[in-house]
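# Results of the structural survey
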Amino acid sequence: MAVLSRRRRAFTLAGVAALAFAVTGCGSSDNSGSSDTSKPECAPYAQYKVDKKKTVSIYATIRDAEADKLESSWKQFSDCTNIKIDYEGTGEFEAQIKVRVDGGNAPDIAVFPQPGLLATFVKSGKLKEAPAPVKANVEKNWSKDWAAYTTIDGKLYGAPLGANVKSYVWYSPQLFKEKNYQIPQSWDEMIALSNKMVADGIKPWCVGIESGEATGWPATDWVEDIMLRDQGPEVYDQWVNHQIPFNDPKVVSAVDRAGSILKNPKYVNAGFGDVKSIATTSFQEAGLPVKDKKCGMHRQANFFSNQWPKGTKVAEDGDVFAFYFPSIDPAKGKPVLVGGEFPAAFSDRDEVVKVQTYLSSPEWANSRAKLGDWFSANKGLDLSALANPIDKLSAQILQDPKTVIRFDGSDQMPGAVGSGSFWKGMTDWINGKSTTDTLNFIESSWPK
Amino acid sequence: MDYDFSDDIQKIWPMLIAVGAFAAVIVGLLLVLDVLPRWGRHRWHVLGFLGPAMILLLIGLIIPAIRTIYLSFFDAGSQNFVGLENYGWIFQHTETLHMLRNTLLWVVFVPTLSTAIGLLYAVLVDKARFEGIAKSLIFMPMAISLVGSSIIWKFIYAYRSEEQDQIGLFNQIRVWLGLQPKQLLLDPPINTLYLIVIMIWIQAGFAMVILSAAIKAIPSEIVEAAKLDGVTAWQMFWRVTLPSIRPSVVVVIMTITIATLKVFDVVRTGTGGQFDTNVLAFEMYNQAFRYFDDGKGSALAVFLFLLVVPIVIYQVRTLRQRTESR
């Protein structure tokens, strides 16, 4: 019955479609001749040019305003090379990419925010190795650390795209000036400042970890940043690679230290309610009370600069700015937690290789940087192209060989933990679960 | 934007050709069946008509089902045989046990309450003055997608701290009554009940429509005879209405039960499975598509299938008994 009616519906559809064609008299109207690829501004793109109009699909997590800037960053490339880039940004990337790949509908290029997820597709043999020109660009323009995130079994699978620095605390320079607060240089100074704010009747911290299916990730960033400070980079690496268990006393210590702020009802949650409101406050709005001076500090990556309402001045003397999330023992150096995206290809068609190559070039990085609120660890990036002071600061930190850089840990863990039980566990932890129970749960979910 | 319909045409043509080819094969098959020689004609007819459907069922249902069962005995990457380990996992962790408890809460409350509410409403508005309007009011949630209604209810449950203006209806009412605003979706297991309300809101309309039609189909002689005998409204409901529509009530309960066992959208939109509100179908999706564990995902799918099977068997049986008794 169901089969029959579906078939009948198919006939109806076919009929309607046929009618539509008959009425509109549609043939394929060839309008590809419109773009003039021999214009002078097209000269730099000569090496990428293809003869016939081609389309390359890109699937990524970048949406809204950032996606618009991304699309305009490669507009000229597109116009000059005959390669049309079909961009799709999604909030469900982590789940949908597997559905699309398994369903035989893989995008040409997928931009992975998690090296761990990228590795899963390498292991299942779906991703293509990076082509020679991309390899050359990576060797020339990125540090070994960055190349290592997409190198699996000695083979490179893609160049980094954008980067972000996560070890920032957003604050209101005006509020700090009014109350004569100093930017804390160590963890203890930061706690002392928090207590001072409490005494002045200001809630010192605002936090939000709600992010749809990815709810919990901002809390994992807190833990990673503190893990890096509380235990040092070596233990951090052991933890990320599961050489020490997830419920190791060292991890318990770091999570409890995070709890001394996140679960302290005197400190949180400025503008939103009690400790538990952290779980239901979206990460996009969590920092906004800082601008209204209702909240003292908000720990979030540099990309939060995209969230401020229009007209907010992001600068050291502006409405909002960020300071470096201080280390516990400044003598041990400045650890920095970073994140980034990595385009990797499911296809090795000529035009796909060309887009990949262009995206790994300094030319593209500068084209994107000019549009604002973005930077990359690409050494060819022209720092003077960065308009936003926070981007400039971040790019300087990334290019400085002395900083101890570590990539977001949850993004390197297996999907079941890094985008599963770690997020979920931290959400339950905010909602009242004990540190030990939470870490035991996460440890039990680590794939054997 | 720069959407160009002509780009899509090249993709539509192959589809049209495929549909046309399919139609041609079917028409050809029917013609061949028609001119077949007399002997053995019946058998060929059965094969010719059932064949295509059987093949489609085989490809679309039976083979995937067997493959799912097969995969449920293997590990995450479907490489090594692990026996019943994936099934054991379902019953060995607090988190998965909570998931089973939640699924049970859903299956107990949604079918019974939606059917009860739908039935009560159907009886109350039957032959009332504005029956049409009254019925469309409760039927309307059915027209909204599960995700849409979950978002609507999320706004109703929305929480803001005391100092702020409430944006959620529920908490605003609490504030008017002089109570503290409350985080509704955070505390297990009561938060599951708040999600269940969403499903009942949707399904009650479905129950009402089917049961209302069944009530209208009760032969008027029976109703008149009962009235002549002087029944009260109470007796009328329990002795006449309910027994007459019993088969419809069973069908409604079964249909809603199956829909509830598969509940996914409401949980995903409402809480994302956080705060101990996870259910079977959502965990199956998580394991298979987010955690890349095809073994556990398949085991959960098979378990869900086993739970639905008895209901389907019962339904088929009652259906068969009814057709036989006629």
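It should be noted that the structure appears before, not after, this text.
Everything in this summary refers to the structure shown in the same document. (Residues numbered from 1 in each chain as written. Chains lettered and ligands numbered in written order. Predicted model: local features only at pLDDT ≥ 70, side-chain atom pairs only at ≥ 80, totals over all residues. Heavy atoms only, no water.)

### Side note on the pattern of salt bridges
Residue and element names in this part refer to chain A. The full count for this structure, using the stated rule, is 26 salt bridges over all chains. Between lysine 293 and glutamate 178 there is a salt bridge whose closest N-O contact spans 2.7 Å. In this pair, lysine 293 is assigned in the loop between helix H14 (283–286) and strand E9 (295–299) and glutamate 178 in helix H8 (residues 173–178), connecting sequence segments 115 residues apart. The exposure class of lysine 293 is partly exposed, given its relative accessible area of 27%. (Salt bridge = Lys/Arg side-chain N within 4 Å of Asp/Glu carboxyl O. Helix = DSSP H or I, 4+ residues; strand = E, 2+ residues; numbered from the N terminus. Buried < 20%, exposed > 50% of the residue type's maximum accessible area, 1.4 Å probe, protein only.)

### Quick notes on the sheet that holds E9 of chain A
Residues and elements named next belong to chain A. Spatial ordering of the open sheet is given by E8-E9-E7-E10, a layout of four strands whose pairing is mixed. Each edge of the open sheet is held by one strand with a lone partner, namely strand E8 (203–205) and strand E10 (321–324). Strand-to-strand, the axes of this sheet are offset by a mean angle of 25 degrees, without reference to chain direction. The pairing of E8 with E9 spans two bridges and is classified as parallel. Of the residues in E9, the one forming a bridge with lysine 203 is cysteine 295. (Pairing = 2+ DSSP bridges. Axes fitted to C-alpha atoms, helices over the stretch in contact; angles between N-to-C directions.)

### Regarding the interface of chain A and chain B
The interface is formed by 45 residues belonging to chain A together with 36 residues belonging to chain B. Ionic pairing is found between glutamate 95 of chain B and lysine 433 of chain A, a salt bridge with its closest N-O pair at 3.2 Å. Joining chain A to chain B, the criterion identifies eight residue pairs in polar contact (both at pLDDT 80 or more). At the level of secondary structure, the elements contributing two or more residues to the side of chain A that touches chain B comprise helix H1 (2–24), helix H4 (93–102), helix H5 (115–123), helix H13 (277–280), helix H18 (415–430) and helix H19 (435–445) of chain A. (Contact = heavy atoms within 4.5 Å. Polar contact = N/O pair within 3.5 Å; in protein donor to acceptor, adjacent residues only side chain to side chain.)

### A few points about the packing of helix H10 (residues 217–230) of chain A against helix H11 (residues 232–240) of chain A
Pairs of packed helices are described in terms of their axes, by the angle between the two and the distance that separates them. Residue and element names in this part refer to chain A. At a closest axis distance of 6 Å, the pairing of H10 and H11 adopts a crossing angle of 130 degrees. If you check the angle between H10 and H11, you find them oblique. Residues Val223, Glu224, Met227, Leu228, Arg229 and Asp230 of H10 form the contact with H11, whose own contacting residues are Gly232, Pro233, Val235, Tyr236 and Trp239. (Parallel < 35°, antiparallel > 145°, perpendicular 65-115°, else oblique.)

### Remarks on the state of the cysteines
All names here are of chain A. One pass over the structure, following the stated rule, counts two disulfides over all chains. Across a sulfur-sulfur distance of 1.9 Å, cysteine 42 and cysteine 80 are joined as a disulfide pair. Taking the sign of the torsion about the S-S bond as the criterion, the disulfide between cysteine 42 and cysteine 80, at about -70 degrees, is left-handed. Highlighted residues: cysteine 42 in the loop between H1 and strand E1 (54–60) and cysteine 80 in helix H3 (residues 75–81), separated in sequence by 38 residues. As far as burial versus exposure is concerned, cysteine 42 and cysteine 80 are alike and both buried. The side chain of cysteine 206 participates in a disulfide bridge whose partner is cysteine 295; the two sulfur atoms lie 2.1 Å from each other. Around the S-S axis, the bridge from cysteine 206 to cysteine 295 shows a dihedral of about -90 degrees and counts as left-handed. (Disulfide = S-S within 2.5 Å.)

None of this, on its own, says anything about what the molecule does.
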